Amino acid sequence: MIGRMFRGGVHPPEKKLSADVPVKPLPVPEQVIVPLSMHIGAPAKPVVQGGDEVKLGQLIAESSGFVSANIHSPVSGVVRTIEPRDHPLGRKLPCFVIDNDGKDDAVEFTPLGDWPTAEPKALIEAIHAAGIVGMGGATFPTHVKLSPPPQFPIDTVIANGVECEPYLTSDHRLMLEHPDRVLEGLRIVMRVLGLDKGFIGIEQNKPDAIALMREKVADHPGVEVLALPVRYPQGAEKQLIYAATKREIPSGGLPMNVGCLVQNVGTLAAIRDAVVEGKPLVERIVTVTGEAVAQPVNLLVRLGTPIRLLIEAAGGATVPTAKVISGGPMMGLAQYTDQTPVIKGSSGLLVLGPEQAPVIEAGPCIRCGACVRGCPMGLQPTELARLVQNDDFAAAEAWGVLDCIECGSCAFGCPAHIKLVHWIRFGKAEVMARRKKG
Amino acid sequence: MLTAILTLTGVGLVAAIGLGIASRVFAVQVDPLVEQVAELVPGVNCGACGNASCNAYAEMLVAGTAGIDECTVMSDEARAKIAEILNIEFTKTDKPTAVVLCQGTTAHIQLKYHYDGVPSCRAAQLVAEGYTGCDYGCLGLGDCERVCPFDAIHVVDGLAVVDEEKCTACGKCVDVCPRNIIELHTTNQRVHVLCSSQDKGKIVRGVCDVGCIACRKCVKVCPVEAIEFKDNLARIITEKCIQCGACARACPTGSILDQGGPHYIAKINDNCTGCTLCARKCPAGAISGEKKLLHVVDEKKCVRCHVCYDVCNFEAIALVDEQGQEMIAPKPKKKKKKAAAPQGAAS
Amino acid sequence: MTGLLLLAVSAVLVNNFVLARFLGICPFLGVSKKIETAVGMGMAVIFVMTVAGVVTWLLYNYVLFPLDLVYLQTIVFILVIASLVQFVEMVIQKVSPVLYQALGIYLPLITTNCAVLGVAVLNVQNEHSFAEMLVFSFSAALGFTLALVLFAGIRERIEFNDVPESLKGTAIALITAGLLSLAFMGFAGLVK
């Protein structure tokens, strides 16, 4: 079934350089750096300290609140220390530094058992225990997402296999190589929410994945594969929900406000591993790509691996590196050091040369409207940028600056290379700060 | 003719009566005091007092819900006049000024990365906590310069610099700085630790050559314990500081700035009568001597605060430079006033 | 009925008091910095123009004309307008002190506003009936408000634009007003 189109959006070149490269595991490094915060919400509280021996999969930090997540050791070895280290978010945050003893000595995994008969509560607890968070990049703790308040019942669940960002192929490869894990994960979530219907959204530029998933869901009549037209940001949850159900989330609202729940296919595979094998989240698929690496690859990486090792595994940088981005080119975060580790939300590593990431000075706005046409949320980025430039944050709020999903469609289309997303982010930060002040 | 006069008078009367009634019905109490005070307030509407407009502030002054110290822009004369009108007490306060606690010009600092974003400090702070190698240093993109209503702060070589003459301490720059490194100090405080870095010395050394490396040399030389350490950063306790500048001289990186001065070493000459006043007043205990005998200044201990120079009544203390050259001659003795001759000759 | 409608359209668009007749330029330039104050001023002018129109028309037709005192028209009209403006000032000061502060000196300047006197005189000159006078006065004020709000909208927009130093402030405002006036010329011929 073809999904409905959302308004706006742009067509950046797909550049799926690594789409046909099978996932291969990256050798586990000698030392891993595991941040206490790889998720939205309160950082986890350490339960081990410097000097302690740890096993692979052992709980090393626990949730410190409702919206928080557990953290498990991705290697076996000794905790060297807990200290501030460079984090992909761009600042130094407390991290475990663990020396790997190379043995991969794992703790005993305790699977839940027969999940079709398990209680939803038990399933959610298993997901919580495994430290699972949204792996599409947002890193929202999954057990919280699966426990919406009773006044917002869910009637639709959508697996997000859209992967609309250029260059990234980790979800694509996951669906091609482990379709059963993804499907089982989706069915587990359907069991948790008590639903018999679910969707899997995949963009039409992945026909092999669509065909394969359709084959797999043939035995499960409740699950339907949606082949979605290629347009960025189809994979953004608001746009995906609209494509699947034609429901629009109200301003300031969440998917649960329209009875929907979206989960990345990577998260679903991790959910399946947690429930069926009792395995905690310690590794993920990362696409290492870009015109500046010798060989774009998809790697299965242990969390905490410094990204310079991934760049090496892709053959190293072939041209002077202009930019290293954690994530995709539209919404990823530029890194200022290659010492940062892979975290739960690191879907990709993009190494770009000066040609792909030129420094262009912003020109004046010619009011061409490309940003307005491109905005998937129906905002007017040019107006928002103008209001923020004039420090008129009250007006910016009135014009919907908080509704921006920071997808980058506006900046992508701007012929004057105005840093629209930056202006809008600035505006959002100021509006939130003023709200806090009261 | 008569009709014309009568008609006009008639219309005028109707209008007058109508307005008279209306003025009663729609009467608004306007305190004449408010108008008087409103004339004296600056009228810039800068918002330093926390009110939206100078008129609003004037109303609050008259109502007694605001104090005359809240407006830092008013001159002392205006303040005194308002105090007179409103019959309230007026005490002269030290004029405050904004101080940027950083010396990180582009020549001194390292950068974390090349920043290609919006030219605003608050916006730059959102990108990996800012592009300066030091997470606490001035970003130099001019948010403070743009927000200042008095043209008193400018970015020069990547560092914000305050023009003390123009600064009225309205506080707008303090609020807008995303790293909170601008503070308001009284102009009497001449010595400042111009660094805001809370990083350990090793890290500071790697990113800035004028940062505080927490070596604590300043604490050692301060004669009055006016420097404390918090989060790897030296802080001067302004209530205790005697403005001698010893800390600034001792600081190995130059992160403490002494805007007062110059400061010289005290040297006692033969006029000394041994009154011991200087020895007692010296905060560093640098003067020694017996009563009624010549006193001596220990050059190494002297913090150059000039207190002894000020208190000596015998022209016995000169101020010399490090080579011993006299820079300031001893203070002349106070001339005793001769008693006035009695009027007329005593008979 | 059509006659009244045409009269209204003419007063609001075709012969807009500010942009076509060039009356009332003072508040037009003085109060148009913000849309809110422009609307406030517009409301005040609507009230003054309409009521002034009615009162002056009544005075003219039932006092001045019968008593052969037409030559007193200007003085009497100004008297009426001045009193009305005073009245409006008192009401606004009581009801909305914020608007009162915002309008400032321009509120009493409605008195000397040639637009209000213009409406009164035009009513008399064109020998309007009562209905016509009512529609004309109200529409004239509406046109004034329209021009004011439009102009305020534009001025708010260009306030932060990169205007050359020599043109900043009143200069660019006048140029914009001229362009707006040109735009309104497009309505010429709408009503025959």
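Residues numbered from 1 in each chain as written. Chains lettered and ligands numbered in written order. Predicted model: local features only at pLDDT ≥ 70, side-chain atom pairs only at ≥ 80, totals over all residues. Heavy atoms only, no water.

A. Molecular detail of the overall build of chain B. Within chain B one finds 12 helices and 13 strands. Taken against the 2.2 N^0.38 rule, which gives 20 Å for 347 residues, the C-alpha radius of gyration of chain B at 30 Å runs more than 25% over that of a compact globule. Projecting the C-alpha coordinates of chain B onto the three principal axes gives extents of approximately 105 × 95 × 30 Å. In chain B, the share of contacts with a sequence separation of at least 24, taken over all contacts with a separation of at least 6, comes to 53%. (Helix = DSSP H or I, 4+ residues; strand = E, 2+ residues; numbered from the N terminus. Rg over C-alpha atoms; globule rule 2.2 N^0.38 Å. Contact = heavy atoms within 4.5 Å.)

B. Spotlight on the interface of chain B and chain A. Each partner contributes residues to the interface: chain B has 16 residues there, and chain A has 16 residues. Looking only at chain B, the three residues that lose the most surface to chain A are B:Val118, B:Arg122 and B:Leu126, adding up to 42% of its buried area. On inspection of chain B and its partner chain A, the count reaches four salt bridges. For B:Asp116, the salt bridge goes to A:Lys419, with nearest N and O atoms at 3.5 Å. Linking chain B to chain A there are three residue pairs in polar contact (both at pLDDT 80 or more). Partitioned by chemical class, the residues of the side of chain B that touches chain A number nine nonpolar, three polar and four charged. (Buried area = accessible area lost by both parts, 1.4 Å probe. Salt bridge = Lys/Arg side-chain N within 4 Å of Asp/Glu carboxyl O. Polar contact = N/O pair within 3.5 Å; in protein donor to acceptor, adjacent residues only side chain to side chain. Nonpolar A, V, L, I, M, F, W, Y, C, P; charged D, E, K, R; others polar.)

C. Spotlight on the packing of aromatic side chains. Applying the stated criterion across every chain yields a total of 10 aromatic pairs over all chains. An angle of 15° between the planes, with centres 5.2 Å apart, marks the rings of B:Tyr115 and B:Tyr131 as stacked. One end of the pair, B:Tyr115, is in the loop between β1 (96-100) and α5 (121-125); the other, B:Tyr131, is in the loop between α5 and α6 (143-147), with 16 residues separating them in the sequence. One exposure class covers both B:Tyr115 and B:Tyr131, and it is buried. Pairing C:Phe184 with C:Phe187 gives two aromatic rings, centres 5.3 Å apart and planes at 75°, and the pair type is edge-to-face. In this structure an aromatic cluster arises from ring pairing among A:Phe393, A:Trp423 and A:Phe426. The ring of A:Phe6 carries A:Arg231 above its face, with NZ or CZ at 5.4 Å from the centroid. We note C:Arg21 situated over the ring of C:Phe17; from NZ or CZ to the ring centre the distance is 4.9 Å. (Phe/Tyr/Trp six-rings, centres within 6.5 Å; stacked < 30°, edge-to-face > 60°. Buried < 20%, exposed > 50% of the residue type's maximum accessible area, 1.4 Å probe, protein only. Lys NZ or Arg CZ within 6 Å of the ring centre and 35° of its normal.)

D. Quick peek at the domain arrangement of chain A. Residues and elements named next belong to chain A. Along its sequence, chain A is carved into domain 1 (115-277) and domain 2 (370-437). Computed over C-alpha atoms only, the centres of domain 1 and domain 2 are separated by 29 Å. Of the residues lining the interface, seven residues belong to domain 1; the matching set on domain 2 comes to six residues. Here domain 1 and domain 2 share an interface that buries about 500 Å² over both sides, 52% of which is from carbon and sulfur atoms. For the domain 1 face of the interface with domain 2, the top three residues by lost area are Tyr 232, Lys 238 and Gln 239, together amounting to 63%. Applying the counting rule to domain 1 against domain 2 returns zero salt bridges. Classifying every residue of the side of domain 1 that touches domain 2 gives three nonpolar, three polar and one charged. (Domains from an automatic or database assignment.)

E. How the structure looks around the environment of A:Val67. Residue and element names in this part refer to chain A. Note on placement: Val 67 falls in the loop between β5 (59-62) and β6 (71-72). A residue is classified by how much of its surface remains accessible, and Val 67, at 28% relative accessible area, is partly exposed. Put simply, Val 67 and Pro 141 are 74 residues apart on the chain and 6.6 Å apart in space, counted from C-alpha to C-alpha. Excluding residues that lie within four positions of it along the chain, Val 67 makes contacts with Ile 40, Gly 41, Ala 42, Phe 140, Pro 141 and Val 144.

F. Representation of helix α4 (residues 76-86) of chain B. Residue and element names in this part refer to chain B. Turning to α4, its buried residues number three or more, namely Ala 78, Arg 79, Ile 82, Ala 83 and Leu 86. Looking straight down α4, one finds its buried side chains confined to an arc of 135°; they lie on one side. Turned more than 90 degrees away from the buried face of α4 sit Glu 77 and Glu 84, all of them exposed. Those residues of α4 that are buried are in contact with α2 (32-40) and α3 (54-63). (Arc of directions from axis to C-beta.)

G. Local environment of the interface of chain C and chain B. Across the contact, 19 residues belong to chain C and 16 residues belong to chain B. Buried surface at the junction of chain C and chain B, both sides included, amounts to about 1400 Å², of which 81% is carbon and sulfur. Summed over the shared surface of chain C and chain B, the result is zero residue pairs in polar contact (both at pLDDT 80 or more). For the side of chain C that touches chain B, the secondary structure elements donating two or more residues are α3 (35-64) and α4 (73-95) of chain C.

H. Quick peek at unusual backbone geometry. For the bond from A:Tyr232 to A:Pro233, the omega torsion is -5°, close enough to zero to count as cis. Examined against the element boundaries, A:Pro233 turns out to sit in the loop between β11 (223-228) and α6 (237-245). If you check the backbone angles, A:Tyr167 has positive phi at about 75° while not being a glycine. Checked against the element boundaries, A:Tyr167 lands in the loop between β9 (156-161) and α3 (170-177). Classification of A:Tyr167 by relative accessible area gives buried; the value is 5%. In the Ramachandran plot, B:Glu225 falls in the positive-phi region, its phi being about 55° despite a non-glycine side chain.

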